[in-house]
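Now for the letters of each chain:
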Amino acid sequence: MIATYEIDQQRLWQTLMELGEIGSTPGKPEEGVTRISLSLEDLKARKYTIDVMKEAGLKVRVDAIGNIIGRLEGTDSSAPVVMTGSHIDTVIRGGKFDGALGVLGAIEAVRTIQEAGIELVHPIEVVSFTDEEGVRFGSGYFGSKAMVGGVNKEMFGFTDETGITLADALKKAELNPNEYMSVVRNPEEIKAYVEMHIEQGKVLEDQQLAVGIVTDIQGPVWMEVEFEGNPDHAGATPMNMRNDAGLSMAELMLEVEKISINNQGVGTVGKASLEPGAVNIIPGNALLTIDLRHVDKRYRSNMVKEVKQAILNICRKRKMKANIEVKKEVDPATCSEEIIEVIQQSCKELHVPTMKMQCGAGHDSLMMTKVTKMGMIFVRSKGGVSHNPKEWTDKEDCAIGTQVLLNTLMKLAK
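Because the structure is predicted, anything quoted here is derived from the model rather than measured. (Residues numbered from 1 in each chain as written. Predicted model: local features only at pLDDT ≥ 70, side-chain atom pairs only at ≥ 80, totals over all residues. Heavy atoms only, no water.)

*Asks:* I'd like to hear about the overall build of the protein, residue by residue, with values.
*Replies:* What the protein contains, in helices and strands, is 11 helices and 14 strands. For the protein, the spread of C-alpha atoms along the principal axes amounts to about 80 × 45 × 45 Å. For the protein, long-range pairs separated by at least 24 residues make up 80% of all intrachain contacts whose partners lie at least 6 apart in sequence. Counting 47 positive and 59 negative side-chain charges, the protein places the centres of these two groups 3 Å from one another. (Helix = DSSP H or I, 4+ residues; strand = E, 2+ residues; numbered from the N terminus. Contact = heavy atoms within 4.5 Å. Lys, Arg positive; Asp, Glu negative; His and termini not counted. Charge placed at Lys NZ, Arg CZ, Asp CG, Glu CD.)

And the structure:
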C-alpha cells in the first residue's frame, strides 16, 4: 500500500478555470470555449500549459508536431516512462473540462509527487497531445497518432475550411512537420499510459459515483458521403422525374440509425449540407458525415459494410451518384487488466466507490495501445453533457479523480 499524499484541490480548480478562459468570450458563457487546434487560442493555451508544467517542476519539451511533454525524472532515468495526459484543444463552443482535466489533473498529480519529495523509480511524463478533436483538419488523435507511428506525409496536406494545410499551420506555430518521424516512441520506452477524462455520458451520475474505470473504448469510423443528383426547378419538375440529392441524404440518415441499432453500436450524422441551397430548387448535391462506433471491430466492420450497401441501394433507387471517403478509422481498444487492477486498488485505498464501464467516446488512449499498456479513469459529467458550453464536472469530482490518478501513477512508477 502507498501512503496517500493529497493533491491541492483549489490549485487544480484554478488552473482549470484559467485555461477555460482561453478561447471563451467574456460575459458570454453560452458561447463556451473554442480552441481549435493550432489556432491563436490554442497557441495561447499551449503556452499556459507549458508555464504550469514548468511551475510544477517538470522538464518541458515540445516535439516536432507540437506534443507538449513535461517530465519528472525517476531514480532510474533509463527505466521506461509512465505516461499520462490528454489534450487541450476543443470542439467549437465546447466546455472547460474535456481533455483539459486529463492534462491539468496529471500536472497537479505529478506536482504533488514533486512537492512531497517522493522518489519513484520510473520517470513520469505528462503529455498534452496535439489536435485530438480533429475539428479543424478532419483527422483526430493527430499527436498521439504521430507518437505511435501512425502519421504519413499525406496527412500534412489536409486543409481547414480556409484552405490552410496542416503542414502550414504547424509551421506557423514554429513546429517542424518535416521531422514528424522523430516523434515516434519505441514501445520499450513506455511502461504504461493512463488517461483521466470526463465521462461525457450519464452512467456515473446515474450510479451516483464520482469515478469509473474504463474496460473498453469504442473505435470510430468517420465517413463523408456526397450524393450527386440534378438541381431542377422545384415547381416545374414532377415528383417521378426528380433526382433529389436531399431525399437520398435523408434516406441514408435513417439507414444509419437502423444499422447502428441492429448492430448494438452507435451511429451519428453530425454534419449535412444541401446545394444549391435555395427554397425553390431541388437539391442537386448533398454532403453528410457519418460517425460509426463499436467496441467490437467485427460489428463495426459490419456496420460500415451495411452503410455502404445502403448507399448503393439508394443510388439505384433514386438514380444518384455517390462518393464515399473514409476520413478516419481507429480500432476499438481494450484496457490493460493490470492497469485496471491498479486503478481499482487506488480507489479502494482512497475509499472511493467505483465501477467498471465501457467508453463510447474516442480518446488518445486508442492510439497509445499500439505501443504500451493503457488504462482510463473516468470522472462524472453533470447531466452527461459534453462538447457543449454547459459541460460541467464538479470541483470535488475533479479532485477525487485526480487523487485516484495520483495514487495510480505512484503504484505504476514505484
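*Asks:* Got a sec to walk through unusual backbone geometry? Specific residues and values, please.
*Replies:* Backbone torsion omega between glutamate 275 and proline 276 reads 10°, so that peptide bond is classified as cis. For proline 276, the location among the structural elements is in the loop between β9 (272-275) and β10 (285-294). If you check the backbone angles, glutamate 174 has positive phi at about 65° while not being a glycine. Note that glutamate 174 resides in the loop between α5 (166-172) and β5 (190-198).

*Asks:* Lay out the packing of aromatic side chains in plain terms, naming residues and giving numbers.
*Replies:* Enumeration according to the criterion identifies six aromatic pairs in this entry. Arranged with centres 5.3 Å apart and planes meeting at 80°, the rings of phenylalanine 97 and tryptophan 392 form a pair that is edge-to-face. Pair noted here: phenylalanine 97 is in the loop between β3 (81-87) and α3 (100-115) and tryptophan 392 is in the loop between β14 (373-379) and α11 (395-413), with a separation of 295 residues, a long-range link. In this structure phenylalanine 97 comes out as buried when scored by relative accessible area, which is 1%. Tryptophan 392 sits in the partly exposed class, given a relative accessible area of 32%. Summarising the aromatic geometry, the rings of phenylalanine 129 and tyrosine 193 are spaced 6.1 Å apart at their centres and angled 65° between planes, so their arrangement reads as edge-to-face. A residue pair is termed long-range when its members are at least 10 positions apart, and phenylalanine 129 in strand β4 (residues 124-129) and tyrosine 193 in strand β5 qualify at 64 residues. Residue classification places tyrosine 193 among the buried positions, given a relative accessible area of 0%. (Phe/Tyr/Trp six-rings, centres within 6.5 Å; stacked < 30°, edge-to-face > 60°. Buried < 20%, exposed > 50% of the residue type's maximum accessible area, 1.4 Å probe, protein only.)

*Asks:* Lay out the nonpolar core with the relevant residues and their values.
*Replies:* Judged by nonpolar contacts, the single largest core of 100 residues is most densely connected at Leu16, Phe156 and Met368. The contact partners of phenylalanine 156, leaving out residues within four places of it in the chain, are Ile65, Phe142, Val151, Thr165, Leu166, Ala167, Leu170, Pro177 and Tyr180. Counting 21 residues, the second largest nonpolar core, distinct from the first, contains Val225, Phe227, Ile290 and Val307. (Core = buried A, V, L, I, M, F, W, Y, C linked by side-chain atoms within 4.5 Å.)

*Asks:* Can you tell me about the pattern of salt bridges, naming the residues and giving the values?
*Replies:* Side-chain pairs of opposite charge can arise whenever the charged atoms involved come near each other. Counted according to the given criterion, the structure contains 21 salt bridges. The residue arginine 318 makes a salt bridge to glutamate 251 at a minimum N-O spacing of 2.9 Å. With arginine 318 in helix α8 (residues 297-318) and glutamate 251 in helix α7 (residues 245-262), the pair connects residues that are 67 residues apart, well separated along the chain. A salt bridge links lysine 297 to aspartate 331; the nearest nitrogen and oxygen atoms lie 3.2 Å apart. Of this pair, lysine 297 sits in helix α8 while aspartate 331 sits in the loop between β11 (321-329) and β12 (333-334), and the two are 34 residues apart along the sequence. Residue classification places aspartate 331 among the partly exposed residues on the basis of a relative accessible area of 31%. Because the salt bridges share partners, they merge into one network encompassing Arg71, Glu73, Glu125, Arg185 and Glu189. (Salt bridge = Lys/Arg side-chain N within 4 Å of Asp/Glu carboxyl O.)

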